[in-house]
Amino acid sequence: MNQAARKVRPRFVVHRSPVHGRGLFANNTIVAGEFVCEYKGTRVSWADVLDQLPSDRSQPGHTFFFDIEEGIVIDGSKGGNSARWLNHACSPNCEAELSDNRIFIYALRDTSPGEELTLDYALVVDGRHSRKIREEYRCFCSSPECRGTMLEKRKKGVRTGTRSSTQAT
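Calculation rules
- Residues numbered from 1 in each chain as written.
- Predicted model: local features only at pLDDT ≥ 70, side-chain atom pairs only at ≥ 80, totals over all residues.
- Heavy atoms only, no water.
- Helix = DSSP H or I, 4+ residues; strand = E, 2+ residues; numbered from the N terminus.
- Buried < 20%, exposed > 50% of the residue type's maximum accessible area, 1.4 Å probe, protein only.
- Lys, Arg positive; Asp, Glu negative; His and termini not counted.
- Salt bridge = Lys/Arg side-chain N within 4 Å of Asp/Glu carboxyl O.
- Polar contact = N/O pair within 3.5 Å; in protein donor to acceptor, adjacent residues only side chain to side chain.
- Contact = heavy atoms within 4.5 Å.
- Phe/Tyr/Trp six-rings, centres within 6.5 Å; stacked < 30°, edge-to-face > 60°.
- Lys NZ or Arg CZ within 6 Å of the ring centre and 35° of its normal.
- Core = buried A, V, L, I, M, F, W, Y, C linked by side-chain atoms within 4.5 Å.

A. Quick look at the side chain of Glu 116. Mapped onto the fold, Glu 116 is located in strand β10 (residues 116–119). One buried charged residue, Glu 116, remains without a salt bridge, the closest side chain of opposite sign being Arg 16 at 9.9 Å. Among the polar contacts listed, one links the side chain of Glu 116 to the side chain of Asn 87, at a separation of 2.9 Å. With residues near it in sequence (within four places) discarded, Glu 116 still touches Ser 17, Pro 18, Val 19, Gly 23, Leu 24, Phe 25, Asn 87 and Asn 93.

B. The arrangement of the packing of aromatic side chains in detail. Under the counting rule described, the total for this entry stands at five aromatic pairs. Seen in terms of ring centroids, Trp 46 and Phe 65 are 6.0 Å apart; in terms of plane orientation they differ by 70°. Their pairing is edge-to-face. Here Trp 46, found in helix α1 (residues 46–52), pairs with Phe 65, found in strand β5 (residues 65–69); they are 19 residues apart in sequence, far enough to count as distant. Classification of Trp 46 as buried rests on a relative accessible area of 18%. We classify Phe 65 as buried; its relative accessible area is 11%. Grouping aromatic residues by their ring pairs yields a cluster made of Phe 35, Phe 104 and Tyr 106. Seen from the ring of Trp 85, Arg 22 lies directly overhead, with NZ or CZ sitting 5.0 Å from the centre.

C. Representation of the nonpolar core within the structure. The biggest cluster of nonpolar side chains holds 30 residues, and the ones touching the most others in it are Val 36, Tyr 39, Leu 86, Ile 103, Ile 105, Leu 117 and Leu 119. Those elements giving two or more residues to this core turn out to be β2 (22–26), β3 (35–39), β5, β9 (102–107) and β10. Setting aside residues up to four positions removed in sequence, Ile 103 forms contacts with Cys 37, Glu 38, Tyr 39, Phe 66, Asp 67, Ile 68, Ile 74, Ala 96, Glu 97 and Leu 98.

D. Broad picture of the side chain of Ser 17. Along the chain, the position of Ser 17 falls in the loop between β1 (12–16) and β2. Side chain to side chain, Ser 17 and Glu 116 meet in a polar contact 2.8 Å long. Excluding residues within four positions of it along the chain, Ser 17 makes contact with Arg 22, Gly 23, Phe 25, Asn 87 and Glu 116.

E. Looking closely at unusual backbone geometry. At Asn 101, a position not held by glycine, the phi torsion is positive, near 60°. By relative accessible area, Asn 101 is classed as partly exposed at 32%. The backbone of Ser 142 sits at a positive phi, close to 65°, despite the residue not being glycine. Along the chain, Ser 142 falls in the segment after α2 (131–136). For Ser 142, a relative accessible area of 67% gives the class exposed.

Okay, here's the thing in structure tokens:
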């Protein structure tokens, strides 16, 4: 069989995740620093997002929003790609980089075939991180460094504004 006839394996596949719902898994070895994919979807304003949120808020953090600039997010649920299935981990193997209002995902370390690809969502919410808020954004990554929440780790005495990232589990 010649090279052209050989079927190329996709870089990653979507499977059921032990972290939450579906997840993105390496299908080949991915090396540290390597480009993994772009996070795609429809660009919408935060105002539109808030207007369209479902009234049933039993899973308030389960979204496919990725903040790209002041007031604008990429909605991976509309015109998105497989990158929307990247789950949160407190010790992620990938990171997101913003460039020209686009989100690019890169490997932080070597990743083996079958390993789930993850990001640290580092979500930001207004106000105090109450027990209720931490529970709404509870983390299920099972990492030894798990901080128990997908919320950004706060520095003592620092309060920040609202920001969201990709799918919150």
